[in-house]
Amino acid sequence: VRDLGPGVLHGWQDRASLAAGIVGQILPVPRVVMSARNMRPELRRDQRLQDSHALFRQLALTEGTVLTVNSEAGARDYDSWLDLPSGTSLAVRNGVDMAAFPPLPRHPRAIVGKASARPVEVLGVFRLAANKRPILWLETVAELRRRLPFPIRPRIVGSGPFLARILAAKDGLGLPDLIVEKNLTSMQEIYASAGLLVLLSRVEGTPNVVIEAQACGLPVAACNVGGVAEALCHTGAAAGLLLEAEISAGEAAERIADWLPGALAADPRQRRAFVSGVYGMDVLAKRTLDAYWAPAGGNSGTGSDAAR
């Protein structure tokens, strides 16, 4: 940094941000951007960062420093954790290259509601860990199978410590045909066969799978935790389904069953337009430039307006 003499020093994620903040004060650097993650460290059980609370707060309040988080919910969470004035942290949402998410072909189906209709794949894409509530996901899909008048096919993409429990539970729940796939990286492989995405996490920051699925045109149902609400398309027939954070399998299945026929019939271009408008690369670029050039030092939350 001393050799390059930058006008902006940008630290990505919490530890790099703390290092950037310290270096920016020592040299100094005119503008330091501290890009935090998506939720306070104590929710991630990161004790080392919790112990850096005072340092994080002091740096965030330093003139010329901007603290950014990748969702509005995350920004409010960091403000609360660091006891900062509301609006101090600036939301710079994740960017999605829409060219990497070509619209998926709409699968021709018989009229939804007939038992002879083509099966609808219910997709889960998540780490098989406790906070993603994979057993609740299984129970919800099992309830859906009993409630819907058309066939569904359950599929999970992910790996993790709950794999054995999932495989042990699926037959007893009436899901012997559950498919579990690991190590998929192609968007086509992950999303092309799906009819909808269901995410029932207990804790989330900004769930990229919600954004990705909608970028492919898929309807999404997810629990209202972290940045989920702002990541869901929320207007028109293509709107996602926001479920309560604490919900039973029966309640989740009932709400999904009521919402699903209309969601499947909606124009998927509406979901793609939502993702492009909120998470497009041009939006990311503008918000990042706001963080670089807008007035800072204790309240960067109005950076976008100030930059204009």
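Residues numbered from 1 in each chain as written. Predicted model: local features only at pLDDT ≥ 70, side-chain atom pairs only at ≥ 80, totals over all residues. Heavy atoms only, no water.

Asks: I'm lost on the pairing of strand S3 (residues 65-69) in this one. Help?
Replies: In the case of a regular strand, side chains alternate between the two sheet surfaces. In terms of burial, S3 is largely enclosed, as five of its five residues are buried. The alternating pattern of S3 places Thr65, Leu67 and Val69 and Val66 and Thr68 on opposite faces, both of which are buried. As paired strands, strand S2 (residues 31-35) and S3 are joined by four bridges and run parallel to one another. When the sheet's bridge partners are listed, Met34 is paired in S3 with Leu67. By the bridge criterion, two bridges tie S3 to strand S4 (residues 90-91) in an arrangement that is parallel. Bridge pairing in S4 links Thr68 to Leu90. (Buried < 20%, exposed > 50% of the residue type's maximum accessible area, 1.4 Å probe, protein only. Helix = DSSP H or I, 4+ residues; strand = E, 2+ residues; numbered from the N terminus. Pairing = 2+ DSSP bridges.)

Asks: Can you walk me through the confidence of the model for the protein chain in this structure?
Replies: When pLDDT drops low, the exact placement of atoms in the prediction is not to be read closely. Model confidence for the protein chain is summarised by a mean pLDDT of 89, while 91% of its residues fall at 70 or above. Below a pLDDT of 50 lies the segment residues 297-308, which in the model reaches 33 contacts outside its immediate sequence neighbourhood of four places, other chains included. (pLDDT = per-residue confidence, 0-100. Contact = heavy atoms within 4.5 Å.)

Asks: Explain helix H4 (residues 72-81) here, please?
Replies: Owing to its 3.6 residues per turn, the α-helix aligns residues three or four sequence positions apart on the same side. Burial of H4 is extensive: seven of the ten residues sit out of reach of the surface. The elements touched by buried residues of H4 are helix H1 (14-26), helix H2 (47-50), helix H3 (53-60), S3, S4 and helix H9 (228-231).

Asks: Just to check I follow, could you spell out the pattern of salt bridges for this structure?
Replies: Side-chain pairs of opposite charge can arise where the charged atoms are in close proximity. By the definition in use, this model includes 14 salt bridges. The closest approach of N and O atoms between Glu244 and Arg255, which form a salt bridge, is 3.3 Å. Note that Glu244 is positioned in the loop between strand S10 (241-243) and helix H10 (249-265) and Arg255 in helix H10, a separation of eleven residues in sequence. The partner of Asp290 in a salt bridge is Arg287, with the nearest N and O atoms 3.8 Å apart. Taken together, the positions of Asp290 and Arg287, both in helix H12 (residues 281-293) and three residues apart, correspond to about one turn of that helix. (Salt bridge = Lys/Arg side-chain N within 4 Å of Asp/Glu carboxyl O.)

Asks: How do you make sense of the packing of aromatic side chains when you look at a structure like this?
Replies: One pair of aromatic rings is described through two measures. These are the centre distance and the angle between the planes. Inspection of every chain in the model, using the stated rule, returns five aromatic pairs. Pairing Tyr78 with Trp81 gives two aromatic rings, centres 5.8 Å apart and planes at 90 degrees, and the pair type is edge-to-face. In this pair, Tyr78 and Trp81 both sit in helix H4, three residues apart, roughly one turn of the helix. Accessibility assignment for this pair places Tyr78 and Trp81 in one class, buried. Put simply, the rings of Phe56, Tyr78 and Trp81 touch in pairs and so form one group of aromatic residues. Positioned above the aromatic ring of Phe162, the side-chain terminus of Arg165 is 4.1 Å from the ring centre. (Phe/Tyr/Trp six-rings, centres within 6.5 Å; stacked < 30°, edge-to-face > 60°. Lys NZ or Arg CZ within 6 Å of the ring centre and 35° of its normal.)

Asks: Explain the environment of Leu167 here, please?
Replies: With respect to the secondary-structure elements, Leu167 resides in helix H6 (residues 163-169). Sequence-wise, Leu167 and Leu178 are eleven residues apart; in three dimensions their C-alpha atoms are separated by 8.5 Å.

Asks: Any chance you could explain the pairing of strand S9 (residues 220-223) here in plain terms?
Replies: Of the two faces of S9, the one holding Val220 and Ala222 and the one holding Ala221 and Cys223 are both buried throughout. Sheet topology note: the strand S8 (residues 196-199)/S9 ladder contains three bridges and is parallel. Residue pairing for S9: Val198 is matched across the bridge by Ala221. The parallel pair S8 and S9 is bridged by helix H8 (residues 208-215), and the resulting crossover is right-handed. Examined bridge by bridge, S9 and S10 share three bridges and lie parallel to one another. Looking across to S10, one finds that Ala221 is bridged to Leu241. (Right-handed = clockwise from strand over helix to strand, strands pointing away.)

Asks: Hey, could you run me through the sheet that holds S2 in this one?
Replies: Whenever strands of a sheet pair, they do so through backbone hydrogen bonds, lying parallel or antiparallel. Taken together, four strands build an open sheet; the order of strands is S1-S2-S3-S4 and the sheet is parallel. One side of each edge strand has no neighbouring strand; the edge strands of this open sheet are strand S1 (8-12) and S4. For S1 and S2, the ladder comprises five bridges, and the chain directions are parallel. Bridge pairing in S2 links Gly11 to Met34. Against the sheet, H3 engages S2 and S3, with an angle of about 115 degrees to S3. (Axes fitted to C-alpha atoms, helices over the stretch in contact; angles between N-to-C directions.)

Asks: I would appreciate a short explanation of unusual backbone geometry in the present structure.
Replies: In terms of backbone geometry, most residues other than glycine have negative phi values and most peptide bonds are trans. The omega torsion of the bond from Leu27 to Pro28 falls at -10 degrees, within 30 degrees of zero and hence cis. On the secondary structure map, Pro28 appears in the loop between H1 and S2.

Asks: Help me understand the nonpolar core, please; the structure alone is not making it clear to me.
Replies: Considering soluble globular proteins, one finds that nonpolar side chains tend to be buried as a cluster. Grouped together as the largest cluster of nonpolar side chains are 66 residues, with contacts concentrated most on Trp137, Tyr191, Leu243 and Ile256. A total of nine residues in this core trace back to one element, the largest contributor, which is H10. Discounting residues that sit within four places of it in the chain, Leu243 has contacts with Leu200, Ala221, Ala222, Cys223, Asn224, Ala252, Arg255 and Ile256. Core analysis: the next-biggest nonpolar cluster, separate from the first, contains 18 residues, Ala36, Trp81, Leu82 and Leu84 among them. (Core = buried A, V, L, I, M, F, W, Y, C linked by side-chain atoms within 4.5 Å.)

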